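Examination of the molecular architecture
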Amino acid sequence: MEFQHSVLDLIKTRISSRTFKELAIEERTLEKLKSYIAELNGETKIKARFVLVNGDDAVLVQGKKLGTYGFIKGAGSFLVGVLDKAEPDALEFGYLFEKLILFATDLGLDSCWLGGTFKKSDFEKSLNLKDNEYIPIVSPVGYATEKRRILETAMRSFVGAANRKPWSELFFDGSIAKPLTEDKAAPFSSALEMVRLGPSASNKQPWRVLMDEKGFHFYICRTKGYGVPSYDVQLNDIGIAKCHFELCAKELELPGLWQKLENPVSVASWEYVCSWMS
Ligand SMILES: Cc1cc2nc3c(=O)[nH]c(=O)nc-3n(C[C@H](O)[C@H](O)[C@H](O)COP(=O)(O)O)c2cc1C
């Protein structure tokens, strides 16, 4: 299913929302969201599935809503990502979940990736998961209020949510001694800028890209001691970067394909993930 708006505009306008109007999602919008989820579930090659928990299904017992430890208020619907316990591909999972977030944004819906501040047991109960499944990521989805709550403002300020690292810390030209300029990256500079603007867990922005004559090589710069053993959330972040880069390249009709190189340039303290070969 095609997006209605430019992907570049969607990436620029998406922002994490944590306070929602108590308003049901409009029926036509809901149908489109459900169709897109069905499409993603049909396409995925990993052991993952995506579910929309909506209306009464988002209420547990006696009107108690699915728990987010107070971080999310007012949301009556959630996008839920379910993964097989034996499936290690957090890269692809992050890529697919971000496509879903951007599709929701295209429909005029607000969202917020949640990897930590949601009550897993509530969501697991509401979905009747199989023994081999778990839920690494959910997102509220709906219409955000115009005004943020104090807790939300404090949370955004704590992680510096509006800030992004400069190009000179993220993108490199041939070696990490040489920062990549937008001019040198052309015509891929917008695709890299969309990587830079992406959401990431605690806004750590672990993506790093090394450009050479063959293409763009994506790496993770891990934050020591960050994350949980059960799910590789920083690899998930690179999946988001991959999604932004690819959708932007497609929109701008730039050539290329993803490959995993057997002998990538090795960079101390970074982990190689994949390359866009043009
Ligand atoms: C994988 C992932 C996990 C996240 N987990 C949480 C979370 O548990 N709670 C939360 O409030 N925000 C969470 N966020 C939202 C980030 O804090 C947010 O994307 C980042 O601060 C940048 O802000 P922005 O999304 O408004 O651009 C998560 C984001 C990602 C990508």
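Everything numeric here is computed off the predicted structure, so don't read it as measured data. (Residues numbered from 1 in each chain as written. Predicted model: local features only at pLDDT ≥ 70, side-chain atom pairs only at ≥ 80, totals over all residues.)

This part covers the overall build of the protein. In terms of helices and strands, the protein carries 9 helices and 10 strands. Principal-axis analysis of the C-alpha atoms gives the protein an extent of 60 × 40 × 35 Å. Going through the 278 residues of the protein one by one, you find that 39% of them count as buried. Counting contacts in the protein only where the partners sit at least 6 residues apart, residues at least 24 apart contribute 76% of the total. (Helix = DSSP H or I, 4+ residues; strand = E, 2+ residues; numbered from the N terminus. Buried ≥ 20, exposed ≤ 12 C-beta atoms within 10 Å, placed from the backbone. Contact = placed C-beta atoms within 7 Å.)

This part covers the site of the ligand. In the vicinity of the ligand there are 21 residues, among which Ser16, Trp113, Gly115, Gly116 and Pro199 approach most closely. Sorting the residues of the shell around the ligand by element identifies helix H5 (150–159) and helix H9 (233–251) as the ones contributing at least two each. In terms of residue class, the shell around the ligand is made up of 12 nonpolar, 8 polar and 1 charged. Each of domain 1 (7–153) and domain 2 (167–277) contributes no fewer than three residues to the shell around the ligand. (Near = placed C-beta within 6 Å. Nonpolar A, V, L, I, M, F, W, Y, C, P; charged D, E, K, R; others polar. Domains from an automatic or database assignment.)

Turning to the environment of leucine 129, a few remarks are in order. Along the chain, leucine 129 turns up in the loop between helix H4 (120–127) and strand E4 (133–142). Assessed through the 15 C-beta atoms surrounding it within 10 Å, leucine 129 is described here as partly exposed. Sequence-distant contacts of leucine 129, that is, excluding residues within four places in its chain, are made with Val82 and Glu124.

So, on to the sheet that holds strand E8 (residues 215–220). Spatial strand order, E6-E5-E7-E8-E10-E9: 6 strands in an open sheet with mixed pairing. Unpaired on one side and paired on the other, strand E6 (175–179) and strand E9 (257–259) mark the two borders of the sheet. Recorded for the sheet is a direction-independent mean angle of 35° between the axes of neighbouring strands. Its contacts with the sheet put H9 on strand E7 (207–211), E8 and strand E10 (271–277), and the angle it makes with E8 is roughly 155°. (Pairing = 2+ DSSP bridges. Axes fitted to C-alpha atoms, helices over the stretch in contact; angles between N-to-C directions.)

Once that is clear, we can look at the sheet that holds strand E2 (residues 77–84). The antiparallel open sheet is built from 4 strands, whose spatial order is E1-E2-E4-E3. The open sheet is flanked by strand E1 (48–54) and strand E3 (110–111), the only strands paired with a single partner. Relative to E2, E1 runs antiparallel, the two being bridged by 7 bridges. Residue pairing across strands places valine 51 opposite valine 80, the latter belonging to E2. Helix-sheet contacts for helix H3 (residues 90–106) involve E1, E2, E3 and E4, and the interaxial angle to E2 is about 165°.

Of the consecutive residues alanine 186 and proline 187, the connecting peptide bond is found in the cis state with omega at 5°. Mapped onto the secondary structure, proline 187 falls in the loop between helix H7 (182–185) and helix H8 (189–196). Positive phi, normally seen in glycine, also occurs at asparagine 128, with a value near 50°. Assessed through the 7 C-beta atoms surrounding it within 10 Å, asparagine 128 is described here as exposed. At serine 202, a residue that is not glycine, the phi angle is positive and equals roughly 50°.

Domain assignment breaks the protein into domain 1 (7–153) and domain 2 (167–277). At the junction of the two partners, domain 1 supplies 16 residues and domain 2 supplies 21 residues. For the side of domain 1 that touches domain 2, the secondary structure elements donating two or more residues are helix H1 (7–13) and H3. Top contributing element to the side of domain 1 that touches domain 2 by residue count: H3, with 8 residues. Classifying every residue of the side of domain 1 that touches domain 2 gives 9 nonpolar, 3 polar and 4 charged.

This part covers H8. Ala191, Leu192, Glu193, Met194 and Val195 are the residues of H8 that are buried. Residues of H8 that are buried make contact with H1, strand E5 (171–173), H7, E7 and H9.

Here we take up the packing of helix H2 (residues 27–43) against H3. At their nearest, the axes of H2 and H3 sit 11 Å apart, and the two run at 160° to each other. As the angle between them shows, H2 and H3 are arranged roughly antiparallel. Taken as a pair, H2 and H3 cross one another with a handedness that is right-handed. Residue-level inspection shows Leu33, Tyr36, Ile37 and Leu40 of H2 in contact with H3, the latter providing Leu96, Lys99, Leu100, Phe103 and Ala104. Considered class by class, the residues forming the contact of H2 with H3 number 8 nonpolar, no polar and 1 charged. (Parallel < 35°, antiparallel > 145°, perpendicular 65-115°, else oblique. Left-handed = near helix turned anticlockwise from the far one by under 90°.)

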